[in-house]
Amino acid sequence: MPPLPSIDEARAILLAAVRPLPPTNVNVPDALGLVLAEDVTAAHDVPAFANSAMDGFAVRAGVANQRLRIAGESRAGAPYAGTIVDGEAIRISTGAALPAGADGVLPIELVEVDGDAVVLTEAVAPGRNVRDPGDDLRAGATVLRAGTRIGPAELGVAIGAGRMAVLAAPRPRLAVVTTGDELVEPGAQLQPGQIHDSNGPTLAALAARAGAEVIGRGHAIDDPEATRAVLGEALEAADVLVLSGGVSVGPHDHVKPALADLGVRELLWRVALRPGKPTWLGERHGKLVFGLPGNPVSAYVTFLLFARPALNALQGADATVPRTHAPLAVDIERHPDRDECVRVRRRPDGSVEPTGPQGSHVLSSLLDADALAIVPRGDGALPAGTEVVLEPV
Ligand code: AMP
Ligand code: MG
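How each quantity is defined
Residues numbered from 1 in each chain as written. Chains lettered and ligands numbered in written order. Predicted model: local features only at pLDDT ≥ 70, side-chain atom pairs only at ≥ 80, totals over all residues. Heavy atoms only, no water. Helix = DSSP H or I, 4+ residues; strand = E, 2+ residues; numbered from the N terminus. Pairing = 2+ DSSP bridges. Axes fitted to C-alpha atoms, helices over the stretch in contact; angles between N-to-C directions. Contact = heavy atoms within 4.5 Å. Domains from an automatic or database assignment. Polar contact = N/O pair within 3.5 Å; in protein donor to acceptor, adjacent residues only side chain to side chain. Near = heavy atom within 4 Å. Areas by Shrake-Rupley, 256 points an atom, 1.4 Å probe, with all protein chains shown as cover. Phe/Tyr/Trp six-rings, centres within 6.5 Å; stacked < 30°, edge-to-face > 60°. Lys NZ or Arg CZ within 6 Å of the ring centre and 35° of its normal.

Note on backbone geometry: most residues besides glycine have negative phi, and most peptide bonds are trans. Cis geometry is adopted by the peptide bond preceding Pro47, which originates at Val46 and carries an omega value of -5 degrees. Secondary-structure assignment places Pro47 in the loop between β2 (40-41) and β3 (51-52). Residues Arg274 and Pro275 are joined by a peptide bond in cis, for which omega reads -5 degrees. Secondary-structure assignment places Pro275 in the loop between β19 (273-274) and β20 (280-284). Even without being glycine, His285 reaches a positive phi, approximately 45 degrees. One can find His285 in the loop between β20 and β21 (287-292).

Below, the structure written as structure tokens:
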């Protein structure tokens, strides 16, 4: 039998099948979490005009102890219309336009107001407390790059740059289907042999965090026709289908034949990975199907390793989340022929240690995990101090 693909080989096979979703124009206030499909340039300088950084008095540059006549006011949104001349000061608020002829602003704390005059206690050098046009963004400069995910700061910068709408990838429409006769709803009283369906909500949460719109969650009992019906319906509506369980070759695993019936092309089945060996990835006319193993840690880890980068790529973002490195704090036994994703926490000295027991059913091993450490396959233990690759959780 040929060797199973490694994590990176499996990812490459998957990403080669991803067709990014066509972008649309989205009003900037509605674009939080979306990925930009164009560069954004500043339509004008930001700020667009010289303005005051302080509440105080705008004056011409000069010596201290001058007595100046208060000739008017420049307020935010209501500039002073005239030009300031020697012997005059203009009352000014933070953000208000610097009047023509003024060089600087002395804050209110450094002046003495005396009727309609003001006495400066300090000299004002040109530019003092003045924000220049373009201090923040220069007209014509690229301020956001295509592929950037729009967070609160990007949203504000795009609006400041003069945009009403931006070209952005839509959220991939994603359906989650769990399989298994043993599964019951959250909170249900467990009968013998039953378990709560934790994968459904957990995978939906991971998908939402990765920018998908979760359009539905379904469940299929361990029956060939039922599985085919549920998967067929989910595939109609969604761009991405994430399945948990039923993907092995046991007598009660019906996912693979159902997907084959539905015309989903197999991209790969099984990866040299622990946990998550029986992962199945497929594609139908650009729709992606993730047949993830049922064990909760396996489902979680394979979502992070495969579904997360594919969702990024569908949205036109960098597929892979940046990996880091850290030394192992302890020896870790290696699997002879599969790379292992060990849930680790970071110690104060920067080294990493397993969070606890690492069984693929021990979902609590993810609770205070800072990363997945990829422990390469091999003989014996990987000694403490060895640098390992960290995949973010
Ligand atoms: P399977 O891949 O269907 O053989 O399932 C492997 C293991 O994962 C079994 O112990 C299942 O009970 C468990 N499992 C399957 N689906 C879920 C789920 N949605 N939530 C929690 N555990 C699950
Ligand atoms: Mg099952």
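That shown, we press on.
So, about the sheet that holds strand β8 (residues 111-114). One open sheet holds the six strands; their spatial order is β7-β4-β6-β5-β9-β8, and the pairing between them is mixed. Strands with a single pairing partner mark the edges of an open sheet, and in this sheet they are β7 (104-107) and β8. Across the sheet, the mean angle separating the axes of adjacent strands is 40 degrees when strand polarity is ignored. As paired elements, strand β5 (residues 67-74) and strand β9 (residues 117-120) share three bridges and run antiparallel to each other.

Okay, the environment of Gly180 next. The residue Gly180 is located in the loop between β13 (173-179) and β14 (183-184) in this model. Spatially, the C-alpha atoms of Gly180 and Asp197 are 9.2 Å apart, while their sequence positions differ by 17 residues. Those residues in contact with Gly180 that lie beyond four places of it in its chain are His219, Ala220 and Asp222.

The domain architecture assigned to the chain consists of domain 1 (7-21 + 170-314), domain 2 (34-45 + 137-169), domain 3 (51-131) and domain 4 (324-392). Placing a centre on the C-alpha atoms of domain 2 and another on those of domain 4 gives a separation of 39 Å.

This part covers the environment of Asp370. Tracing the chain through its elements places Asp370 in the loop between β25 (352-354) and β26 (371-375). It is 6.0 Å that separates the C-alpha atoms of Asp370 and Val344, two residues lying 26 residues apart in sequence. Each residue touching Asp370, except ones within four places of it in the same chain, is listed here: Val344, Arg345, Arg346 and Val393. A polar contact of 2.6 Å, which involves the side chain of Asp370, links it to the backbone nitrogen of Arg346.

What follows covers the site of ligand 1. Taken together, 15 residues lie around ligand 1, and Glu182, Asp197, Gly246, Gly294 and Asn295 are the ones closest in. In this structure, Glu182 approaches ligand 1 through a side-chain N or O atom, which is 2.6 Å from an oxygen atom. Ser198 has a polar backbone atom sitting 3.2 Å from a nitrogen atom of ligand 1. If ligand 1 stood free it would expose 490 Å²; the protein chains cover 76% of that surface.

A complete count under the given rule lists zero aromatic pairs for this structure. The ring of Trp269 has Lys256 sitting right over it, with the charged end atom 3.6 Å from the ring centre. Seen from the ring of Trp269, Arg270 lies directly overhead, with NZ or CZ sitting 4.7 Å from the centre.

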